[in-house]
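# Analysis of the macromolecular model
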Amino acid sequence: MSTERPLVLVGVAGGIAAYKACALVRLFTESGHDVRVVPTESALRFVGEPTWAALSGHPVATDVWQDAHEVPHVRFGREADLVVVAPATANTLARAAHGLADDLLTNTLLTARCPVVYAPAMHTEMWLHAATQANVRALRDRGALVIEPATGRLTGADSGPGRLPEPDEIFHTALAALVHARAGGAADLRGRKVLVTAGGTREPLDPVRFLGNRSSGRQGYAFARAALVRGADVVLVAANSALGDPAGVDVVRVETTEQLADAVAQHAAGVDVVVMAAAPADFGPVTPSTTKIKKTAADPEPLRLRKTPDILAGLGARRPRPGQVVVGFAAETDDVLERGRAKLAAKGCDLLVVNEVGDGKGFEVEHNQAVVLGADGSETRLPESSKGILADRVLDLVTERLRPG
Ligand code: CTP
């Protein structure tokens, strides 16, 4: 495995969504990855070889006979840190599931020992066909990550499940798979259900104004993807986040703390893990105005506030499911560890991820550092890293605490 620039192999199968793989290749190269593109013969009918060569900065091969002296299928498979097949057509999924080796891509898939991510795209009927579903199960059983296709407009006038997820989504999910592979890569949440909350809630003052906070949702979204690549079924309750829905994750959108509490109450009894990464507004106006508050000559009335429900403390006090692992967060600006310990006890969770916020730390940034306090007295320091790496490390601590399923 390369340490400097991870080698990413992008397999492109022959579907109209091949054009979206151009943006995917670009995202990988621009974030410092070394990319090789392996299109199938039919992919080249949609996007030509010069495009892939120019975007990746490397010559492109489609069959094992080109540059045969270099045995490209073995070299690519052995050296790749990550293989992403996007779009993965019904035909390519079938060939991969049955171990066929009739072109460079399928040969490479058989030699690859790194994580393999498939992003399927096809017409709804083809996706839902029992043959395709059986192929997807076979690939998943062997440890591949097959992202659920998005639902929406397909090539013609039809619409339904079968759309290629947006390149940015495939990219982030693939990166999460790479992060987890570098740390061992077990599918240790397979068969588990994980509920993640993310973003910041808003308490309306009137139809156009609200009390809110600066949470972007990035850390929660990173948890949703990190759990997904470990094999979990993930429900993400997202409060006002501008981020796109993570591919393959069931997303419930909410606005207020009460709506967040309702969504958590609805799902919490059915899940093995709850990650409360959202930043709920702690207070809301006692009586929000139903009409826009007008600017008058006199000073405005002082705001009267009420407390919103503490969702995490509620979960900690009445565990909806025995053996469930509950993770909370503490955003603190001062006396970080001391306040964290007090919060862990007050909220009754199993793990509390304590991070320092303010002054460019924590909110609206790509990186995070934290100390994870355990109800068992443990204290794990997580050095500054991407939010994806932080999520994966915290999930290591979660899986250690899960009862055998
Ligand atoms: N939390 C919650 N419900 C609330 C407020 C917070 O479930 N109404 C959860 C958050 O999702 C987080 C944890 O509690 O996991 C701690 O959030 P934080 O904002 O740090 O603490 P607060 O309880 O709001 O306390 P304070 O703001 O006074 O530090």
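Note that residues are indexed from 1 along each chain, following the sequence as it is written. Predicted model: local features are reported for residues with pLDDT of at least 70 only, side-chain atom pairs are reported and counted for 80 or more only, and whole-chain, interface and lining totals are derived from all residues. Think of the side-chain values as coming from all heavy atoms in the structure, minus any hydrogens and water.

### Some points on the site of the ligand
To keep things clear, this is the line we draw: Proximity criterion: a residue is near a molecule or strand once any of its heavy atoms comes within 4 Å of it. The term polar contact refers here to a pair of N or O atoms within 3.5 Å; inside protein, the definition further demands a hydrogen-donor-capable atom paired with an acceptor-capable atom, and it admits residues adjacent in sequence only when both atoms are side-chain atoms. The Shrake-Rupley method, run with a 1.4 Å probe, gives the accessible areas here. Residue values count only the displayed protein chains as cover. Strands are runs of DSSP state E lasting at least two residues, helices are runs of H or I lasting at least four, and both sets are numbered from the N terminus onward.
As a structural note, the neighbourhood of the ligand is formed by 15 residues, with Ala278, Leu312, Phe329, Lys343 and Lys347 the closest of them. Within the backbone of isoleucine 311, a nitrogen or oxygen atom sits 3.1 Å from a nitrogen atom of the ligand. The contact in question runs from an oxygen atom of the ligand to an N or O atom on the backbone of leucine 312, over 2.7 Å. Bound to the protein, the ligand loses 76% of the 570 Å² it would expose on its own. Contributing elements (two or more residues each) for the shell around the ligand: α12 (311-317), β16 (325-332) and α13 (336-347).

### Things to note about the nonpolar core
Put simply, the rule reads: Remark: nonpolar core denotes a set of buried residues (Ala, Val, Leu, Ile, Met, Phe, Trp, Tyr, Cys) joined through side-chain atoms within 4.5 Å. Note on classification: 1.4 Å probe, protein chains only; a residue is buried when its accessible area is under 20% of the maximum for its type, exposed when over 50%, partly exposed between these limits.
One finds Val10, Val12, Leu24, Phe28, Trp52, Leu82 and Val84 to be the most contacted residues of the largest nonpolar core, which totals 35 residues. Listed by contribution, the elements that provide at least two residues to this core are β1 (7-12), α1 (18-30), β2 (34-39), α3 (49-56), β3 (82-88), β4 (116-120) and α9 (167-182). Of all hydrophobic cores here, the second largest spans 34 residues; its members include Ala224, Leu228, Val327 and Leu382.

### Here's the deal with the packing of α1 against α9
Rule in force here: A fitted line through C-alpha atoms represents every axis, and for helices the fit uses only the stretch in contact; the resulting angles, taken between N-to-C directions, go from 0 to 180 degrees. Roughly parallel here means an angle under 35 degrees, roughly antiparallel means over 145, roughly perpendicular means 65 to 115, and every remaining angle is called oblique. The crossing is said to be left-handed when, going from far helix to near helix, the turn is anticlockwise and less than a right angle, and right-handed when the turn is clockwise. Note on contacts: a residue pair qualifies if any of its non-hydrogen atoms lie within 4.5 Å across the two residues. Gly is placed with the polar residues, together with every amino acid not listed as nonpolar (Ala, Val, Leu, Ile, Met, Phe, Trp, Tyr, Cys and Pro) or charged (Asp, Glu, Lys and Arg).
With their axes 9 Å apart at the nearest point, α1 and α9 run at an angle of 45 degrees to one another. Classed by the angle they form, the pair α1 and α9 counts as oblique. Helix-helix and strand crossings are classified by hand; for α1 and α9 the assignment is right-handed. Across the interface between the two elements, Lys20, Ala23, Leu24, Leu27 and Phe28 of α1 pack against Pro167, Asp168, Ile170, Phe171, Ala174 and Leu175 of α9. Looking at side-chain class alone, the contact of α1 with α9 contains 9 nonpolar, no polar and 2 charged residues.

### Points about the sheet that holds strand β13 (residues 273-276)
Selection rule: For two strands to count as paired, DSSP must find a minimum of two bridges between them.
With mixed pairing, the 8 strands of this open sheet are ordered in space as β12-β11-β8-β13-β16-β17-β18-β19. Whereas interior strands pair on both sides, the edge strands pair on one side only; in this sheet they are β12 (250-254) and β19 (379-386). Recorded for the sheet is a direction-independent mean angle of 20 degrees between the axes of neighbouring strands. Two strands pair when backbone bridges link them, and β16 and strand β17 (residues 351-356) are joined in this way by 6 bridges, in the parallel orientation. Bridge pairing in β17 links alanine 330 to valine 354. On top of the sheet, α13 reaches β16, β17, β18 (367-374) and β19; it is set at about 155 degrees to β17, its chief contact. The sheet strands contacting helix α14 (residues 387-401) are β13, β16, β17, β18 and β19, and the helix crosses β19 at an angle near 155 degrees.

### Some words on helix α6 (residues 104-111)
By the criterion of burial, α6 is predominantly enclosed, with 6 of the 8 residues buried. Those residues of α6 that sit buried are Leu104, Leu105, Thr106, Asn107, Thr108 and Leu109.

### Some words on the pattern of salt bridges
Note the cut-off: When a carboxyl oxygen of Asp or Glu lies within 4 Å of a side-chain nitrogen of Lys or Arg, that pair is called a salt bridge.
According to the stated counting rule, one finds 29 salt bridges in the structure shown. Its salt-bridge partner being glutamate 203, residue arginine 306 comes within 3.6 Å of it at the nearest N-O pair. Linking arginine 306 in strand β15 (residues 305-307) with glutamate 203 in strand β9 (residues 203-204), this pair joins segments that are 103 residues apart in sequence. Exposure remark for arginine 306: the relative accessible area of 28% places this residue in the partly exposed category. In this structure, the salt-bridge partner of aspartate 392 is arginine 393, at a minimum N-O distance of 2.7 Å. Since its relative accessible area comes to 1%, aspartate 392 is described here as buried. Through salt bridges with shared partners, a single network forms among Asp188, Arg230, Asp392, Arg393 and Asp396.

### Remarks on the environment of proline 167
For proline 167, the position within the fold is in helix α9. As for proline 167 and leucine 27, which are separated by 140 residues in sequence, their C-alpha atoms are 8.1 Å apart. Sequence-distant contacts of proline 167, that is, excluding residues within four places in its chain, are made with Lys20, Ala23, Leu24 and Leu27.

### Re the domain arrangement of the chain
Note the threshold: The split of the chain into domains comes from an automatic or database domain assignment. Once two parts are brought into contact, the accessible area they lose, counted with a 1.4 Å probe and summed over both, makes up the buried area.
Entries for the chain in the domain assignment read domain 1 (7-181) and domain 2 (187-401). When each unit is reduced to the centre of its C-alpha atoms, the spacing between domain 1 and domain 2 is 34 Å. The partner domain 2 presents 15 residues to the 13 residues of domain 1 that form the contact. In this assembly, domain 1 packs against domain 2 so that about 1100 Å² is buried in total across both faces, 62% of it on carbon and sulfur atoms. Contact with domain 2 buries surface across domain 1, with Glu169, Val179 and His180 losing the most and accounting together for 49% of the total. At the junction of domain 1 with domain 2, the criterion picks out 2 salt bridges. Here arginine 190 and aspartate 141 are joined by a salt bridge, their closest N and O atoms 3.2 Å apart. Here domain 1 is connected to domain 2 by 4 residue pairs in polar contact (both at pLDDT 80 or more). Broken down by class, the residue content of the side of domain 1 that touches domain 2 amounts to 6 nonpolar, 3 polar and 4 charged.

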